[in-house]
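The lines below spell out each chain.
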Amino acid sequence: MKFIAREKTLQELNIGGSVVTAALEEACGVSRSKITEMYNELGDLGDVALACRQTQRLLAPPSPLLIKDLLSTLRKISVQTGSGSTARKRSLIVNLMRSCREKEMKFLVRTLVRNLRIGAMLKTVLHALAQAVFISSSLKIYKEGMVENLKEKLQNFSASVLDAYNILPNFDLIVPSLMGKGIEFSSSSLSMVSGIPIKPMLAKITNGISQALKIFENKAFTCEYKYDGQRAQIHKLADGSVRVFSRNSDDTTSKFPDLIKIINELCKPAASTFILDAEVVAVDRKNNCRLMSFQELSSRGRGSKGSLIAVDSIKVDICVFVFDIMLANGEQLLGLPLRRRRKYLKDLFGDGRLGYFEYAKEITIEKDDACLNCESTLIKLNCFLGDAFQSSCEGIMVKSLDVDAGYFPSKRSDTWLKVKRDYLEGLNDSLDLVPIGAWHGNGRKVGWFSPFLMACYNPDTEEFQSVCRVMSGFSDAFYVKMKEFFSGDNILCKKPAYYQTAEVPDMWFVPQVVWEIRGADLTVSPVHQAAVGLVHPSRGISIRFPRFIRSVPDRNPDECSTATDIAEMFSSQTRKMDVASGD
């Protein structure tokens, strides 16, 4: 479980189901075999815990368990390390369990095993918080009958709270400001802080160079290589330390001591604080700094909490390809156009260093050359895309330089487009999808899961909507790994209400991981519910001939491809579908 702490960092409890089960044995006096039997029947450790508590006879009810005491204990659990830490964690959990009344036990255990099973996402909490503050602050407006455009004002206020969280994802800072300012609160009420990762800006999918050029017609834009690496947000803090965060805000500093050394050596003395957006790519420095695959990068050690991996143990070198900056010396740069943000980068880092710290390779198209009938521009862009592929990159990014060219955290905008492949036929890009279920394999796949049921995410309804079954592209080793992973608490006893599909797999999974999936093309489907209502009133969209490409470890399930993404891909694909007939 992760929770926001006053230290302004994400804290990890680092406990597994076995620790919680052992604590349940001690707190309720129930044997491990009985707990296992109940779990097999109920399918949820929280329900098991509640049933165990209800069979206990207490001389007197425990004292009320206060939120502040619960949070304090969770913090104590999170900092337990070293010899005997497991026993200390179990003891703290036992004390919490003995303090539970009624259904508190159920939700305590669900919290500890990181699955509340209530269908609520972070966005739900933010909107609810915004609504509560707005209504509380607007009582005078209600009393005076001034309710004109109240719904619209509430929606705008809620959006402002979400924007503030994307810039500063820390409830300990947002909530006091929100409570203090009431309806006067806005996203500009808070500023970014180095050391607290912001939500990264996202790109929209486009169907090749021509479509991208059409979108940017008569606007200056730039094209950058889209590297096959790990996205990294690099922070320099006021105390001079450097920290690295993944796409989903996990602290990965321990994995990159060489990156920290590179940053410290190359940033100018004037660079007191900053936040960079970059891609960390594996490179072969002995072979002309040849770019290597994401799989090579993934083979590096991960380090551990508070302990960097040893530099002399690193077998795979890295290069940092920086493409944006969001904070420089305390100045928030989100609203500045990309052309100006690039100047800040050069001012802080100069020309960089080949094979260590480079700027994403790019070309600039000024607005006078940004037109579909400009043959030289089309040739230049297609050559640049070809060069990207020759350099082992995934494709290119196309970004606005001056018009609407700010950095929009967590937003997927037309001002950032990605071009991976310009297929004459078929699906122009891959999708990042979440496995939500599976069937038992047959034939040589007996004992494994195959196929897997894949889903996209609809942030408006907070639902996972099925897209396809996938059963190709997996290695035997991956099947074995997934059989081990999707077990215990990662298996649900029934289909959640927030899973939308007509499929009935043998088992349902907790949404935990994201996989990159590619297929031939998209078609409407009576079974799968992805983007239902966006293209067809009652049918969803599915991928034909899907195959697994790779895992995407730096993306959370609710950050996978959305229903809107899939609808837009469907509309832009070269092979048009007869929506009315459901082809």
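Given the structure is predicted, the values throughout are model-derived calculations rather than measurements. (Residues numbered from 1 in each chain as written. Predicted model: local features only at pLDDT ≥ 70, side-chain atom pairs only at ≥ 80, totals over all residues. Heavy atoms only, no water.)

Describing the overall build of the protein
Inference 1: A count of helices and strands for the protein gives 17 helices and 24 strands.
Inference 2: Here the C-alpha atoms of the protein give a radius of gyration of 25 Å, agreeing with the 25 Å that 2.2 N^0.38 yields for 583 residues.
Inference 3: Along the longest, intermediate and shortest principal axes, the C-alpha atoms of the protein span 85 × 70 × 60 Å.
Inference 4: Burial analysis of the protein (583 residues in total) assigns 52% to the buried set.
Inference 5: Across the protein, contacts joining residues at least 24 apart in sequence account for 72% of those joining residues at least 6 apart.
Inference 6: Roughly 26,900 Å² of accessible area belongs to the protein as shown, and the carbon and sulfur atoms make up 51% of that amount.
Inference 7: Taken as two groups, the 76 positive and 67 negative side-chain charges of the protein have centres that lie 5 Å from each other. (Helix = DSSP H or I, 4+ residues; strand = E, 2+ residues; numbered from the N terminus. Rg over C-alpha atoms; globule rule 2.2 N^0.38 Å. Buried < 20%, exposed > 50% of the residue type's maximum accessible area, 1.4 Å probe, protein only. Contact = heavy atoms within 4.5 Å. Areas by Shrake-Rupley, 256 points an atom, 1.4 Å probe, with all protein chains shown as cover. Lys, Arg positive; Asp, Glu negative; His and termini not counted. Charge placed at Lys NZ, Arg CZ, Asp CG, Glu CD.)

So, the nonpolar core
Inference 1: Core analysis: the biggest nonpolar cluster contains 39 residues, and Met192, Phe221, Cys223, Tyr227, Leu381, Ile396 and Val398 have the highest contact counts within it.
Inference 2: Those elements that place two or more of their residues in this core are helix H11 (209-215), strand E4 (221-226), strand E7 (274-284), strand E9 (317-328), strand E12 (362-365), helix H15 (375-390), strand E13 (395-400) and strand E14 (412-419).
Inference 3: Per element, the largest residue contribution to this core is five residues, and it comes from E9.
Inference 4: Contacts of Phe221, omitting those with residues within four sequence positions, involve Leu213, Phe216, Ile363, Thr364, Ile365, Ala370, Leu381, Val398, Lys399, Ser400 and Leu401.
Inference 5: Counting 33 residues, the second largest nonpolar core, distinct from the first, contains Leu433, Ala438, Phe478 and Ile543. (Core = buried A, V, L, I, M, F, W, Y, C linked by side-chain atoms within 4.5 Å.)

A look at the pattern of salt bridges
Inference 1: In total, this model carries 32 salt bridges according to the counting rule given.
Inference 2: As a salt-bridge pair, Glu25 and Arg32 come within 2.9 Å of each other at their nearest N and O atoms. (Salt bridge = Lys/Arg side-chain N within 4 Å of Asp/Glu carboxyl O.)

Section: the state of the cysteines
Inference 1: Inspection of the entire model under this criterion finds zero disulfides.
Inference 2: There is no disulfide at Cys267, and the cysteine sulfur nearest it, in Cys319, is 16 Å away.
Inference 3: A relative accessible area of 10% places Cys267 in the buried class.
Inference 4: Among the cysteines around Cys383, which has no disulfide bond, Cys223 carries the closest sulfur, lying 12 Å off.
Inference 5: A residue is classified by how much of its surface remains accessible, and Cys383, at 46% relative accessible area, is partly exposed. (Disulfide = S-S within 2.5 Å.)

Points about the sheet that holds E14
Inference 1: Strands sit in the order E3-E14-E13-E4-E12 across an open sheet of five strands; the sheet is mixed. Two strands in the sheet have a free side with no partner beyond their single neighbour: strand E3 (202-205) and E12. Strand-to-strand twist across the sheet, computed as the mean angle between neighbouring axes with direction ignored, equals 35°.
Inference 2: By the bridge criterion, six bridges tie E4 to E13 in an arrangement that is antiparallel. Paired with Cys223 across the bridge in E13 is Val398. (Pairing = 2+ DSSP bridges. Axes fitted to C-alpha atoms, helices over the stretch in contact; angles between N-to-C directions.)

Describing the environment of Ala278
Inference 1: Locating Ala278 in the fold gives a position in strand E7.
Inference 2: Ala278 sits 51 residues away from Tyr227 along the chain, and the two C-alpha atoms are 9.8 Å apart.
Inference 3: Excluding its chain neighbours within four sequence positions, the residues that come into contact with Ala278 are Gln230, Arg231, Ala232, Ile234, Val320, Phe321, Val322 and Phe323.

With respect to the side chain of Gln233
Inference 1: Within the secondary structure layout, Gln233 lies in strand E5 (residues 230-236).
Inference 2: For Gln233, a relative accessible area of 3% corresponds to the buried category.
Inference 3: Side-chain polar atoms of Gln233 contact the side chain of His235, separated by 2.9 Å. (Polar contact = N/O pair within 3.5 Å; in protein donor to acceptor, adjacent residues only side chain to side chain.)

Topic: the packing of helix H5 (residues 85-98) against helix H6 (residues 104-112)
Inference 1: Running from amino to carboxyl end, H5 crosses H6 at an angle of 155°, the nearest separation of the two axes being 9 Å. Relative to H6, the element H5 is oriented roughly antiparallel. Along this stretch, H5 crosses H6, giving a crossing that reads as right-handed. Judged by residue contacts, Ile93, Leu96 and Met97 of H5 engage Met105, Leu108, Val109 and Leu112 from H6.
Inference 2: The residue inventory of the contact of H5 with H6, partitioned by class, reads seven nonpolar, no polar and no charged. (Parallel < 35°, antiparallel > 145°, perpendicular 65-115°, else oblique. Left-handed = near helix turned anticlockwise from the far one by under 90°. Nonpolar A, V, L, I, M, F, W, Y, C, P; charged D, E, K, R; others polar.)

Re the environment of Lys445
Inference 1: Tracing the backbone shows Lys445 in the loop between strand E15 (431-440) and strand E16 (449-458).
Inference 2: What makes Lys445 buried here is its relative accessible area of 16%.
Inference 3: Considering only alpha carbons, one finds Lys445 and Tyr479, 34 residues apart in sequence, at a separation of 8.5 Å.
Inference 4: For Lys445, the side chain forms a polar contact with the main-chain oxygen of Met471, separated by 3.2 Å.

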